[in-house]
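Read off the chains here:
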Amino acid sequence: MSAPDEIEVLLLRLDPELAPPAYAHHDDAGADLRAREDHVLGPGERCLVPTGVAVAIPQGYAGFVHPRSGLAARHGVTIVNAPGTVDAGYRGEILVNLLNTDHEHAVRISRGDRIAQLVLQRVSRARFRTVDSLPESVRGVTGHGASGRA
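Residues numbered from 1 in each chain as written. Predicted model: local features only at pLDDT ≥ 70, side-chain atom pairs only at ≥ 80, totals over all residues. Heavy atoms only, no water.

A. Here's a closer look at the overall build of the protein chain. From N to C terminus, the protein chain includes one helix and 10 strands. Secondary structure elements of the protein chain, listed N to C terminal, follow the sequence β-β-β-β-β-α-β-β-β-β-β. Since a compact globule built from 150 residues should have a radius of gyration of about 15 Å, the 19 Å found for the protein chain marks it as more spread out than a globular shape. Taken over the C-alpha atoms alone, the protein chain extends approximately 55 × 40 × 35 Å along its principal axes. Taken across its 150 residues, the protein chain has 31% of its residues classed as buried. Of the contacts formed within the protein chain by residues at least 6 apart in sequence, a portion of 71% connects residues at least 24 apart. (Helix = DSSP H or I, 4+ residues; strand = E, 2+ residues; numbered from the N terminus. Rg over C-alpha atoms; globule rule 2.2 N^0.38 Å. Buried < 20%, exposed > 50% of the residue type's maximum accessible area, 1.4 Å probe, protein only. Contact = heavy atoms within 4.5 Å.)

B. Representation of the sheet that holds strand 7 (residues 84–86) in the model. Pairing is antiparallel in the open sheet, where four strands are placed in the order 2-10-5-7. What marks the edges here is a single partner per strand, and that holds for strand 2 (31–34) and strand 7. Strand-to-strand twist across the sheet, computed as the mean angle between neighbouring axes with direction ignored, equals 35°. In this sheet, strand 7 lies alongside strand 5 (residues 61–67) in antiparallel orientation, the contact comprising three bridges. Looking at the pairing, F64 lines up with T85 of strand 7. (Pairing = 2+ DSSP bridges. Axes fitted to C-alpha atoms, helices over the stretch in contact; angles between N-to-C directions.)

C. Looking closely at the layout of surface pockets. A volume near 740 Å³ is recorded for the largest pocket. Going through the elements one at a time, strand 1 (10–13) and strand 10 (114–122) are the ones with two or more residues in the lining of the largest pocket. Looking at the lining of the largest pocket element by element, the count peaks at four residues for strand 10. Residues of the lining of the largest pocket, tallied by class, amount to 14 nonpolar, two polar and five charged. If you trace the second largest pocket, you find 13 residues lining it, with V65, T85, V86, I94 and L95 closest to the centre. Residue contributions to the lining of the second largest pocket peak at five residues, all from strand 8 (residues 93–100). The class makeup of the residues in the lining of the second largest pocket is eight nonpolar, four polar and one charged. (1 Å grid on protein atoms, 1.4 Å probe; cavity = no way out; pocket = protein on both sides within 12 Å on 5 of 7 lines; lining within 4 Å. Points joined across faces, edges and corners; volume = space filled by probe spheres on them. Nonpolar A, V, L, I, M, F, W, Y, C, P; charged D, E, K, R; others polar.)

D. Looking closely at the UniProt feature "binding site: substrate" (unreviewed entry) in the protein chain. According to UniProt, the positions carrying the feature "binding site: substrate" (unreviewed entry) are R68, S69, G70, N81, T85, V86 and D87. Spatially, the listed residues are scattered: they cover 20 residues, and their C-alpha atoms lie as much as 26.0 Å apart. In the annotated set above, the residues contributing to the lining of the second largest pocket are N81, T85 and V86. Of note, G70 is situated in helix 1 (residues 69–75). (UniProt positions renumbered as here; feature names shortened; annotations may be inferred.)

E. Looking closely at the pairing of strand 8. Note: strand 4 (residues 46–56) against strand 8, six bridges, orientation antiparallel. What sits directly across from V49, in strand 8, is V96. Bridge analysis of strand 6 (residues 77–79) against strand 8 gives three bridges, and the strand direction is antiparallel. Directly across from I79, in strand 8, lies its bridge partner L98.

Here it is, written out as structure tokens:
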């Protein structure tokens, strides 16, 4: 079995007492991000939660901030703009826009809680070319949900 590709990502720990991003298991795709502050998300509320880290992602890559499945399953917490995009040129603190989808119960996020996962992926830039028409395809112009219809 071969080792996964690795890239070096420079990490600035804005809060040295907080654990840095880390992979829980050897073969995980996402590194856990932690909350730098306590927050209580009321039913239907959203909040930008700081993670205490900033990164320098190499050109040709981007970071994608994904929800944690455990928070979603147990508490209905997700990320509003999932996945959030961390561009290679961004150098600020990674903030996670959490949303409590539960209609009845508040959710407490405590400092140090794992709140999201950062997945790094190679990305390509598009060179857009204007045309008068697009080539035909099997799907054509059918829209949202069309592939599930009989």
